[in-house]
Amino acid sequence: MLDIGLWAKDYEEIDLFNWQEAVAGMASIWDLEAQLGTAEGNVRNAVERGTVQPDHTLTLGDRVYHYFKQERLEEVRQTLGIPKIADDDVKDRFLRYVAEMDITTSYKPVMLLALLDCIDERGQAKISDVVANFRDFYERRQVVGLTVERPKSVMAKIGTLENAEIQGVMLRMPFEKFERRRYLEYARDLAYLRFVPRLWRQLSADDLGSLRSICGESIENYYRRVDQDAHNIEDPA
């Protein structure tokens, strides 16, 4: 018999269950915030304060996930004083979301700028063009010696990434946040990214210009924080 040096100090009983069945039909905090059209983190902060109680909580490792029954949507809305969503105010909600978006990487504003650079008069763009534009942003920073991204971020490795990997990052991280709130869509059959039609119809040339300014300022502020954090680590005194 092969001795592989494994030993057990004690044993702990684990209650195995199908958590997917437990939360079937429920909305995660992300889903609930999207349906309510509220700012990212609004519902989570309310849960942490105890203002709102979730219907199910799941702990996986060091992460905690909260879920809500769909029929509690209006209850949560009224508790937090969130106004009802109306099609005619989708533009205001979108512009407010972009202005207030919380970013832990540069991906959201960079993706939005990449999309704006590639869209046609119908508010859509080939995903390959958006990915190329998204990639170009980080490559240009690398060429001139600027910080590409936080060291642990995927895009910090821009020189080793294939376009398919970059597309995965872009769709999984920033795009999904806009898609959940029904601001953007991914037409997979046509390989297009686009603004939701009812939103695109409301956006003027001035609005698009404002979006560019907001994203540019967000990017500038983000990299200022990243460089300051790096400086503090190098020179803690």
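Residues numbered from 1 in each chain as written. Predicted model: local features only at pLDDT ≥ 70, side-chain atom pairs only at ≥ 80, totals over all residues. Heavy atoms only, no water.

Draft legend 1. Spatial organisation of helix H8 (residues 163–180). Taking 1.5 Å as the rise per residue, H8 with 18 residues should run 26 Å; its terminal C-alpha atoms sit 24 Å apart, in good agreement. Roughly 45° is the biggest bend found in H8, and it falls at Pro174. Every buried residue of H8 is listed here: Ile166, Val169, Met170, Leu171, Pro174, Phe175, Lys177 and Phe178. Those residues of H8 hidden inside the fold are in contact with helix H2 (29–36), helix H5 (90–100), helix H6 (107–118), helix H7 (127–143), strand E5 (184–187) and strand E6 (192–195). Following H8 by one or two positions, Arg182 adopts a phi angle in the positive range, close to 60°. (Helix = DSSP H or I, 4+ residues; strand = E, 2+ residues; numbered from the N terminus. Expected span 1.5 Å × (residues − 1). Bend = angle between axes of the 7 residues up to and from the residue. Buried < 20%, exposed > 50% of the residue type's maximum accessible area, 1.4 Å probe, protein only. Contact = heavy atoms within 4.5 Å.)

Draft legend 2. A look at the nonpolar core. Counting 48 residues, the largest nonpolar core has Phe94, Phe134, Tyr138, Met155, Phe178, Leu193 and Phe195 as the members making the most contacts within it. Of all elements in the fold, only H5, H6, H7, H8, E5, E6, helix H9 (197–200) and helix H10 (205–234) reach the threshold of two or more residues within this core. The dominant element in this core, judged by the number of residues it contributes, is H6, at eight residues. Filtering out sequence-adjacent residues up to four positions away, Phe178 remains in contact with Phe94, Tyr97, Val98, Met101, Lys108, Met111, Leu112, Tyr183 and Leu184. Listed in part, the 12 residues of the second largest apolar core include Ala46, Val52, Phe68 and Val76. (Core = buried A, V, L, I, M, F, W, Y, C linked by side-chain atoms within 4.5 Å.)

Draft legend 3. Inspection of the pattern of salt bridges at higher detail. Counting across every chain of the model gives 14 salt bridges. When the shortest N-O distance is used, the salt bridge between Arg72 and Glu75 registers 3.0 Å. On the basis of relative accessible area, Arg72 is assigned to the buried category, the value being 13%. Overall, the relative accessible area of 41% leaves Glu75 in the partly exposed class. The residue Arg122 makes a salt bridge to Asp120 at a minimum N-O spacing of 3.5 Å. Given the relative accessible area of 56%, Arg122 is considered exposed. One salt-bridge network, held together by shared partners, links Asp55, Arg72 and Glu75. (Salt bridge = Lys/Arg side-chain N within 4 Å of Asp/Glu carboxyl O.)

Draft legend 4. Seen up close, the sheet that holds strand E1 (residues 26–28). Pairing is antiparallel across the open sheet formed by three strands, whose spatial order is E1-E3-E2. For this open sheet the edge positions go to E1 and strand E2 (56–60), each flanked by a neighbour on one side alone. If you compare each strand with its neighbour and ignore which way they point, the axes differ by 30° on average. (Pairing = 2+ DSSP bridges. Axes fitted to C-alpha atoms, helices over the stretch in contact; angles between N-to-C directions.)

Draft legend 5. Representation of the packing of H7 against H8 within the structure. Put simply, H7 and H8 touch, their axes get as near as 10 Å, and they point 95° apart. On the basis of their axis angle, the class for H7 and H8 is roughly perpendicular. Two secondary-structure elements touch here, H7 through Ile127, Val130, Val131, Phe134 and Arg135 and H8 through Asn163, Ile166, Gln167, Met170 and Leu171. Of the residues assigned to the contact of H7 with H8, the class counts are seven nonpolar, two polar and one charged. (Parallel < 35°, antiparallel > 145°, perpendicular 65-115°, else oblique. Nonpolar A, V, L, I, M, F, W, Y, C, P; charged D, E, K, R; others polar.)

Draft legend 6. Up close: the environment of Arg201. On the secondary structure map, Arg201 appears in the loop between H9 and H10. Looking at Arg201, the relative accessible area reads 66%, which means it is exposed. Sequence separation of Arg201 and Arg122 is 79 residues, and the distance between their C-alpha atoms is 8.9 Å.

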